[in-house]
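Observations on the model geometry
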Amino acid sequence: MQHLPADHYARGGPHIITPAASRPTQTYMRPLAFALAITFALMGLTAAALALFEFAIRTAAVIGSLSGPVGMGLTIRLLHAKAK
């Protein structure tokens, strides 16, 4: 805001205050665009990591569920063969 001299204010004339020069839009848009790009990249990396973890967990669950009965069957068969 501009300073109004006392003599100008005392005369009672119109007081015209001009706004400060505004910055161009690019001054604000470039940092905003970079911040949004970084945010979306981090969101994509997080989604990819979560998908990879889910795939690993599902694979481990499938292998675990398949090896349970097979492992029990082999153990019983081996123990039964030694008992004879």
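The structure under discussion appears in the preceding block.
Now for a description of the structure that goes with this document. (Residues numbered from 1 in each chain as written. Predicted model: local features only at pLDDT ≥ 70, side-chain atom pairs only at ≥ 80, totals over all residues. Heavy atoms only, no water.)

1. Remarks on the overall build of the protein chain
Across its full length, the protein chain carries two helices and zero strands. Relative to its full complement of 84 residues, the protein chain shows a buried share of 0%. Working note: accessible area of the protein chain is about 7900 Å², and carbon and sulfur atoms make up 73% of it. (Helix = DSSP H or I, 4+ residues; strand = E, 2+ residues; numbered from the N terminus. Buried < 20%, exposed > 50% of the residue type's maximum accessible area, 1.4 Å probe, protein only. Areas by Shrake-Rupley, 256 points an atom, 1.4 Å probe, with all protein chains shown as cover.)

2. Things to note about the pattern of salt bridges
A full pass over the atoms with the stated rule returns one salt bridge. For E54, the salt bridge goes to R58, with nearest N and O atoms at 3.1 Å. Here the residue E54 and the residue R58 both occupy positions in helix 2 (residues 25–83), the gap between them amounting to four residues, near one helical turn. A residue is classified by how much of its surface remains accessible, and E54, at 42% relative accessible area, is partly exposed. (Salt bridge = Lys/Arg side-chain N within 4 Å of Asp/Glu carboxyl O.)

3. As for a nonpolar patch on the surface
Taken together, M29, L32, L36, F40 and M43 make up a surface patch of nonpolar side chains, about 510 Å² in accessible area. If you trace the backbone, F40 turns up in helix 2. For F40, a relative accessible area of 54% gives the class exposed. (Patch = residues over 30% accessible without salt bridge, like charges linked within 9 Å, V, L, I, M, F, W, Y side chains within 5 Å.)

It is worth stressing that arrangement in space is one thing and function is another; only the former is reported here.
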